[in-house]
Amino acid sequence: MAAPTITIATEDDLAIKPASSTGVPDLGGIYHTRSLSRTRRPGSRRTASRASHERRSEHLDVEDDDDWLRDDGRKKQVFKGTTLLWLAYQSIGAIYGDIGTSPLYVFSSTFTELPTYDDLLQVLSVVLWSLTIMVTLKYVLIVLRADNQGEGGTFSCYSLLTRYANITDRDPREARLIKMERHETGDMRPSNRTVRSSMERSRFMRGLLKVIGVLAVSMVIADGVLTPAQSVLGAVQGLSVVSPDISSSTIVGVSCAILVVLFSLQPLGTTKLATTFAPIVILWLGFNAGFGIYNLVMYDHSVLKAFSPYFAVHFFMEKKTAAWRMLGGILLAFTGVEALFADLGAFSMRAIQISWLSWCYPCLLLAYVGQAAFISVHPEAYSNPFYNCVPPGMLYPSLIVGVLAAIVASQAMITAVFQLISQLMKLSYCPQVKVVHTSTKFHGQLYVPFVNWILLCGTILVTCVYSNTTRLGNAYGVCVMFVTFFDTCMVTLTSLIVWRLSPLLVFLPWLFFATVDGLYLSSALTKVPDGAWFTITIAGILTCIFMLWRFGKENQWRAEAEDRFRPAQLVHRADGSPDSGLVLAPRWGGGAVSRIRGFGIFFDKTGVLTPTVFTQFVSKFGAVPDAMVFFHLHPVEAPSVPASERYAVSRIAAVPGCYRLVVRHGFMDEVITPDLAALIYEQVRNYVIHDAVGNAGVGQPRVVEDHELQSGATSTGADGHADEESNELKTPAESSEKKGRAPRVLALADEATKAELGRLDRVFATKVMYVVGKEQMRIKAHPASFPRRVVLTTFLWIRDNTRAKIANLRLAMDRVVEVGFIKEI
């Protein structure tokens, strides 16, 4: 009698959620969130080739290598043509609101009395050259090139350095997912090698770079609290030009209402907001340029002499200490430049360069020159330079546009904060919070709900406490200059270690830019007693929180280090024969491992080696389920993962009946399934079938054509005789086929495959268990334990109150088994 065969359908997995037209329950899956309403067109059903099945369910030997691991990290996007121009247009609305509204208050913040012509010319020269040196030359042409796979900011520079030098610790379980690009020793100059080796050997240098990176992020976030309050308050106070009797309480109330609206719009995403805000900023900068040209023509064009650096040099030579103090007002001309770098991930270097050099930079130069031309004739106009310099008949239009521009000016800092929080989470300096990618085309555009509402609360509090821009202005500028100085140092190290430039080529530019940064920073520090202490305090508190979290994570990694081993080191067969039972390794006391009827799903944190929850389950109970799956969700820095690359299934050779399922999903994908176990079972079952299909030799399947099924043809056994009693097991895709042409099928004559599928079917029908680890951490006794205990206790409290990722899968709680265990840190 011929061996029975197994008949299975060879349908492809649907890439999008199908519209169920049958009574068969939908198992769900991983779907692109913007494709959930789409359905497959009639007649588009097709048969998958063997190659497509091999791509979808790769046979991985995890005992030798974890081949599912690939470079799934963020990839730098390169845009060209109209897309690049569109991105440049968006960047104007999202980046330049802050630096673009500086003409409202630079001259009024710099001068304290009526300026003379020479004073005006010298200050104007410093403003023009500061914009040129600090923004155009330093940031737009140099610093923006120091991106980490398209991401910008001081912390991204630090992250870039950690990939080219061994200067940080990583979670050992995740280290294999990091793309290290450390240059070979022979590929670097001796002087560059010395710098790198000094950084890697020096514990002080590693710690200093870590603190600088985190402190810079904290200072940008502190400015992110201050900037919306400052810009919106300034916008509402601008109404006093037409209504001088407006009360302070009205100003504060209207400002708070505008802030609520502004932050409530953030979920719309960077693209929609930037596209909406861009016309406002473009029009605002156009007004500034037009007014500047008008004032040059009508009043005093001789101020164009200020483009000569001679006047900027004489400003310091003549005024000395007074000039140094005035830099605290001049630096307001480029506040927001730190956001220009931090927002790089939401746009691109080319887009920012195009928008700055082609529109924003020329408009700002004309704005300051035009204001100086008017003030040279009317010195008293310095107190409100923009509105006093408006041409006749343009006051009300400029007031409306100015108020709108000031309101959207804070968008640059808000976007920057979202970018930086995302960067911190990637290197474990911040607890995991929800990050929403708002664009499928521009992958770096983010929205972080929790941070958004925290910023809203902070800005409203600051608005109510300070109530006017004069008091807030005293807190402005210090954090900006700290960040620009940190950027100078980080990009210098990047040029030595990543770009491998000669130290002789790097030293002089570093010295020049560091000197300029130092001049402005030292001047800004004079504001500390008057209000800058506020932003420094916020930045210090945030830095302590981020460093505390990182310290706790490093201790957690060390505590979990003992769990890093392969399954074969935990359990093995008693005598090495395929039919023998399992025994625990001596490390866990030895002893036989019994079998539990059922289908066990162990949630795997990393997708490599042995899940900690499986180790704890086996060592505590001395048993394993008849069939088990190590289930791991692996995020990919892409909007969606194609169906052919989504599921990676492998056998764990050391444990019979054990598989690993890794589900790779993009940031726009969502797990939608009423029964996760059924989805996992289906993928494992398909893997077993397609693995058998791919194996050559005896029992290789044959293709059964449609006409054979429709004519009732019988399966053929190995001896060539018809088998009237063939056992047909079909996948859900085939079973649900009620109408239309019957699918092609593959007939298997493999006893081992049939037995494996039969076991899977039986155990899945018997019982399903979701096995989840419940890790508790306990602080070890330590000689100098009190400060350490306080820090770790705070870390554990934050960790325990972080939302569990597993909650998002909406598991049936009556199937969940929690295995508790303790780790000492």
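The following paragraphs examine the structure supplied in this document. Treat the numbers as computed from the prediction; the structure is a model and nothing was measured.

## As for the pairing of strand β17 (residues 768-778)
As defined by bridge partners, strand β8 (residues 592-603) adjoins β17 across four bridges and the pair is classed as parallel. Residue pairing for β17: Ile-601 is matched across the bridge by Tyr-770. Inspection of the sheet shows β17 paired to strand β18 (residues 816-824) by nine bridges, in the parallel sense. Looking at β18, one finds that Tyr-770 is bridged to Val-816.

## Let's talk about the nonpolar core
Nonpolar side chains tend to gather and get buried jointly when the protein is soluble and globular. Counting 165 residues, the largest nonpolar core has Leu-131, Phe-334, Trp-356 and Tyr-368 as the members making the most contacts within it. With 16 residues, the single largest contributor to this core is helix α8 (residues 203-237). The contact partners of Leu-131, leaving out residues within four places of it in the chain, are Ile-99, Thr-136, Ala-333, Phe-334, Trp-356, Tyr-361, Leu-364, Leu-365 and Tyr-368. Counting residues in hydrophobic clusters, the runner-up holds 29 residues, among them Val-649, Val-693, Leu-760 and Val-772.

## Here we look at the pattern of salt bridges
Under the criterion given, the structure shown has 18 salt bridges. Across the salt bridge formed by Glu-151 and Lys-426, the nearest N and O atoms sit 2.7 Å from each other. Pair noted here: Glu-151 is in the loop between α5 (117-140) and α6 (154-164) and Lys-426 is in helix α17 (residues 411-426), with a separation of 275 residues, a long-range link. On the basis of relative accessible area, Lys-426 is assigned to the partly exposed category, the value being 37%. A salt bridge links Arg-163 to Glu-181, with the shortest nitrogen-to-oxygen separation between them at 2.3 Å. Linking Arg-163 in helix α6 with Glu-181 in the loop between α6 and α7 (190-201), this pair joins segments that are 18 residues apart in sequence. Three or more residues joined by partner-sharing salt bridges are found here, namely Lys-210, Arg-550 and Glu-554.

## Remarks on unusual backbone geometry
Phi at Gln-149 is positive, roughly 55°, even though this residue is not glycine. Along the chain, Gln-149 falls in the loop between α5 and α6. For Ser-428, which is not a glycine, the phi torsion comes out positive at approximately 60°. The class for Ser-428 is buried, based on a relative accessible area of 15%.

Scoring rules and cut-offs
- Note that residues are indexed from 1 along each chain, following the sequence as it is written.
- Per-residue local features are limited, in this predicted model, to residues with pLDDT of at least 70; the limit for side-chain atom pairs, both in listing and counting, is 80 or more; totals at the level of whole chains, interfaces and linings are taken over all residues.
- Hydrogens and water molecules were not included; the side-chain quantities draw on all heavy atoms of the structure.
- Between any two strands, at least two bridges found by DSSP are needed for them to pair.
- Only DSSP runs of H or I reaching four residues or more are called helices, and only runs of E reaching two or more are called strands; each is numbered from the N terminus.
- In plain words, nonpolar cores are sets of buried Ala, Val, Leu, Ile, Met, Phe, Trp, Tyr and Cys residues tied together by side-chain atoms within 4.5 Å.
- Throughout, exposure labels follow a simple rule: accessible area from a 1.4 Å probe, protein chains only, divided by the maximum for the residue type, with under 20% read as buried, over 50% as exposed, and the rest as partly exposed.
- Note on contacts: a residue pair is in contact if any heavy atoms of the two residues lie within 4.5 Å.
- A pairing counts as a salt bridge when a side-chain nitrogen of Lys or Arg comes within 4 Å of a carboxyl oxygen of Asp or Glu.

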